[in-house]
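Coordinates in review
Here are the chains, one letter per residue:
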Amino acid sequence: MKYDTENFDSLDVIDNDKNHVWHHLSQHKPYEKNDPMVIVHGKGLRVWDIKGNEYLDAVSGAVWTVNVGYGRTEIADAVRDQLVKMNYFAQTAGNIPGALFAKKLIDKMPGMSRVYYSNSGSEANEKAFKLVRQIAHKKYGGKKTKILYRDRDYHGTTIATLSATGQFERKNQYGPFVPDFVEVPHCCEYRAQIDASGEEYGVWAANEIEKVILAEGPETVGALCLEPITAGGGVIEAPEGYWARVQEICRQYDILLHIDEVVCGLGRTGKWFGYQHYNIQPDIVTMAKGVASGYAAISCTVTTEAVFEAFKEDEDPRMGYFRDISTFGGCTAGPAAALVNMQIIEDENLLENTTVQGEYLLKKLKELMDKHPIIGDVRGKGLFAGFELVKDRVTKEPVDESVVIAVAGHCMANGVIIGRTNRSFKEHNNTVCLAPSLIITRDEIDIVVKAIDGALTAVCSNM
Ligand code: PMP
C-alpha cells in the first residue's frame, strides 16, 4: 500500500482506526457509537480533523509537546535530509546531529555536561533511575538505592516510572511496584496540608522531605526526583523558599537532585528549563516532549560531569560503566529535529514570547474568576497554566470530574482544545490545563479564554 498524505478515503481511515487502533488513555466503548477523532493536518496552533473541523489547540498536541507549533517545514526538511544521508546507527557510535545537539543543549544548561539519548520521557527517567542505582552499588556498597518522588508528580508510564509517580489513579491496578521508591508530600499551596502560606509553607514542604530522608535513613537515599512545576498533577509551582531548602537538603545528605523537565523543558515556562527559575543546580535533568516538538522521538538524560565521572573511575572496567542501551537512541531524526527546534526558539525569541503571552494568559484567566465562582485557583508560569474548578471557594471541594470533562467538551465543540487532569487522583481530577505552542499570539489567547468563558457559563447553568 502506498501511503499518500493528500489522497485517502476518510471513511476507510476511520473504519481502520475504529477496528484496529487501541487509543491511549481511552475507554473504547463509546467509539462503538461515535467515530474517533482523526487528526490529519496542522499549521501553527491549528489542527484539522478528518471531517474538516478546525481546532485551536491550546495544549500543543494534547500532551504539551509541539512547542514550536505545527507545520514547520524547516524541521521536516532537516529530518528528511538527515534520514537520507544516515538514518540510524546505534549510539555506541556517534552521529553528526547527536554531537551538535548535545553541545547546543549543554550550552543552555550551565553546570551540566553529558547527554544520554533515548526516546521518551519515561525512558529518560528510567535511565536516570538506573544511573542512581548503579552509583549506589559503585560508590555506596549497594546502600543508596532509594529514590524519593513527590505526591502528585508524574514520571512516566513504565513500571519503574509509575513506581515513582504520586498519582493514585495512574498507578491503580498496575502494581506491585518496584521497591525503594518512596513518596514525599506535595507542595500545592492551594491545598496546603497545614495552615501556612508563602515561604513558610514552602520551607515546611521542603522540610517534610528531610523528615522522610531521616526516617528512611540518609545512607539509603540516592536521589530525589521532582518536576520543576508539577504538570499532569495540576500545574503546581512550589512556593517561595522550597527550592533553596531542597537544594540544601540534597547537599547535606549527599542525595542526587533529579529534575524531570519532560514538560517544562525547552521553553514552556519562559526559560530553557523550569528549574532555571529557582537558582538550583540539579545533578540529573531529563527531558522529552518539547525537545523536538514531536517532529521526531527523542529524549535526553543530562548529567553533571561528576555523575558521568562516577562511571569512568571503576576498579571493574568490565562491569562498572553504564551498561545501558536504547536501540532507537541511535535514530538521527531526533537530534536533527531538536537542533532546528532549538534554533527556531532562538530565532523567533520564543522564550520572550512565552513570558509575555504567559503573563497575559494568566491575567485573563484570573479575570475569569470574577465572573465564575466555580474557579477556585488559577496558577501557572509562562505558557503553562491551570485552574481548579471547585464546588465552593471556601471549602475548596473539587467538582466532579464530569464537570471538567463537560467544560473541555464544550470548548472542543467550539473549536478550542484544552486539557485537564485526567484520571490522576481520585476526587481531584478538577484542574483545567493550558499549554499552547510558544508561538501563540494575544489574539489566539483571547480566543482560548473566550471559549473557556463560554464553556463555564454553559456548564454552570446546567448544574
Ligand atoms: N515526566 C513527566 C513530567 C511527564 O509529564 C511525562 C508525560 N506526560 C513523562 C515524564 C513521560 O513521558 P513519555 O510519555 O514521553 O514517556
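On a predicted model such as this, the values are computed, not experimentally measured, just so you know.

1. Section: the pairing of strand β7 (residues 221–226)
- Burial analysis of β7 places 6 of its 6 residues in the buried class, the great majority of the element.
- The pairing of β7 with strand β10 (residues 256–260) spans 4 bridges and is parallel. What sits directly across from L224, in β10, is L257.

2. Considering the domain arrangement of the chain
- One can read the domain layout of the chain as domain 1 (10–68 + 349–461) and domain 2 (75–347).
- The centre of domain 1, based on its C-alpha atoms, is set 26 Å off from the matching centre of domain 2.
- At the interface, 41 residues of domain 1 touch 40 residues of domain 2.
- Interface area for domain 1 against domain 2, summed over the two sides, is near 3300 Å², with a carbon-plus-sulfur share of 56%.
- Counting the surface domain 1 buries against domain 2, the share from its top three residues, L351, K381 and F384, is 21%.
- The tally of links from domain 1 across to domain 2 stands at 2 salt bridges.
- A salt bridge links R191 to E388; the shortest N-O distance between them is 2.8 Å.
- Summed over the shared surface of domain 1 and domain 2, the number is 23 residue pairs in polar contact (both at pLDDT 80 or more).

3. Here's the deal with the packing of helix α13 (residues 401–413) against helix α14 (residues 442–461)
- As a packed pair, α13 and α14 sit with axes 8 Å apart at the nearest point and diverge in direction by 130°. Judged by the angle between their axes, α13 and α14 are oblique. The chirality of how α13 crosses α14 is right-handed. Contact residues: α13 offers V403, A406, V407, H410 and C411, while α14 offers A451, I452, G454, A455, L456, A458 and V459.
- Tallied by class, residues from the contact of α13 with α14 come to 10 nonpolar, 2 polar and no charged.

4. Some words on the site of the ligand
- With respect to spatial proximity, the complete set of residues near the ligand consists of S120, G121, S122, N125, Y154, H155, G156, E227, D260, V262, V263 and K289.
- Contact between the ligand and Y154: a nitrogen atom at 3.5 Å from a main-chain N or O atom of the residue.
- When the ligand sits alone it has 400 Å² of accessible area, and the protein chains cover 83% of it.
- Here the shell around the ligand gets 3 residues from one element, more than from any other, and that element is helix α5 (residues 121–139).

5. Remarks on the packing of helix α4 (residues 96–107) against helix α11 (residues 333–347)
- Running from N to C, α4 and α11 point in directions that differ by 35°, and their axes come no closer than 8 Å. Crossing handedness for the pair α4 and α11: left-handed. Contact residues: α4 offers P97, G98, L100, F101, K104 and L105, while α11 offers P335, A336, A338, L339, M342, Q343 and E346.
- Within the contact of α4 with α11, the residues separate by chemical class into 9 nonpolar, 2 polar and 2 charged.

6. Section: the packing of aromatic side chains
- Per the counting criterion, the structure on display carries 8 aromatic pairs.
- The interplanar angle of 15° and the centroid separation of 5.5 Å between the aromatic rings of W243 and Y278 together place this pair among those described as stacked. Remark: Y278 occurs in the loop between β10 and β11 (284–287) and W243 occurs in helix α9 (residues 242–252); sequence separation between them is 35 residues.
- By relative accessible area, Y278 is classed as buried at 14%.
- Through a chain of ring-to-ring contacts, three or more aromatic side chains come together here, namely Y116, F311 and F322.
- The side chain of K144 reaches across the aromatic face of Y140, ending 5.7 Å from its centre.

7. Here's the deal with helix α12 (residues 350–371)
- For α12, with 22 residues, the first-to-last C-alpha span of 31 Å sits near the 32 Å given by 1.5 Å per residue.
- Every buried residue of α12 is listed here: L350, L351, T354, Q357, G358, Y360, L361, L362, K364, L365 and L368.
- Looking at the buried residues of α12, the elements they touch are α11, β13 (375–380), β14 (385–389), β17 (431–434) and α14.

8. Some words on the side chain of T354
- Along the chain, T354 falls in helix α12.
- Aside from chain neighbours lying at most four places away, what touches T354 is G267, R268, T269, G270, G382, L383 and L438.

9. Quick look at the environment of V262
- The topology assignment puts V262 in the loop between β10 and β11.
- In this structure the C-alpha to C-alpha distance between V262 and Y70, which are 192 residues apart in sequence, comes to 19 Å.
- Apart from the residues within four sequence positions on either side, V262 is in contact with G121, N125, T286, M287, A288, K289 and G290.

10. Structural notes on the sheet that holds β7
- Judged by pairing direction, the sheet is mixed, and its 7 strands sit side by side in the order β4-β12-β11-β10-β7-β5-β6 without closing on themselves. Every other strand in the sheet has two partners, leaving β4 (114–118) and β6 (181–184) as the edge strands with one partner each. Adjacent strand axes in the sheet meet at a mean angle of 20°, parallel and antiparallel pairs treated alike.
- Contacting β4, β11 and β12 (299–303), α4 crosses the sheet at an angle of about 130° to β4.
- Helix-sheet contacts for helix α8 (residues 198–216) involve β5 (146–150), β6 and β7, and the interaxial angle to β6 is about 145°.

11. A look at the environment of E348
- With respect to the element layout, E348 can be found in the loop between α11 and α12.
- Taking the C-alpha atoms as reference points, E348 and I445, 97 residues apart in sequence, are found 18 Å from one another.
- In this structure E348 touches R72 and I439, once residues within four positions along its chain are discounted.

12. Some words on the pattern of salt bridges
- This structure, assessed with the given rule, holds 28 salt bridges.
- The partner of E367 in a salt bridge is K364, and the shortest N-O contact between them spans 3.2 Å. Placement of the pair is E367 and K364 together in helix α12, with a separation of 3 residues, close to one helical turn.
- Here E367 falls in the partly exposed class, since its relative accessible area comes to 35%.
- Connected via shared salt-bridge partners are E123, K127, K130 and D324.

Calculation notes
Residues numbered from 1 in each chain as written. Predicted model: local features only at pLDDT ≥ 70, side-chain atom pairs only at ≥ 80, totals over all residues. Heavy atoms only, no water. Buried < 20%, exposed > 50% of the residue type's maximum accessible area, 1.4 Å probe, protein only. Helix = DSSP H or I, 4+ residues; strand = E, 2+ residues; numbered from the N terminus. Pairing = 2+ DSSP bridges. Domains from an automatic or database assignment. Contact = heavy atoms within 4.5 Å. Buried area = accessible area lost by both parts, 1.4 Å probe. Salt bridge = Lys/Arg side-chain N within 4 Å of Asp/Glu carboxyl O. Polar contact = N/O pair within 3.5 Å; in protein donor to acceptor, adjacent residues only side chain to side chain. Axes fitted to C-alpha atoms, helices over the stretch in contact; angles between N-to-C directions. Parallel < 35°, antiparallel > 145°, perpendicular 65-115°, else oblique. Left-handed = near helix turned anticlockwise from the far one by under 90°. Nonpolar A, V, L, I, M, F, W, Y, C, P; charged D, E, K, R; others polar. Near = heavy atom within 4 Å. Areas by Shrake-Rupley, 256 points an atom, 1.4 Å probe, with all protein chains shown as cover. Phe/Tyr/Trp six-rings, centres within 6.5 Å; stacked < 30°, edge-to-face > 60°. Lys NZ or Arg CZ within 6 Å of the ring centre and 35° of its normal. Expected span 1.5 Å × (residues − 1).

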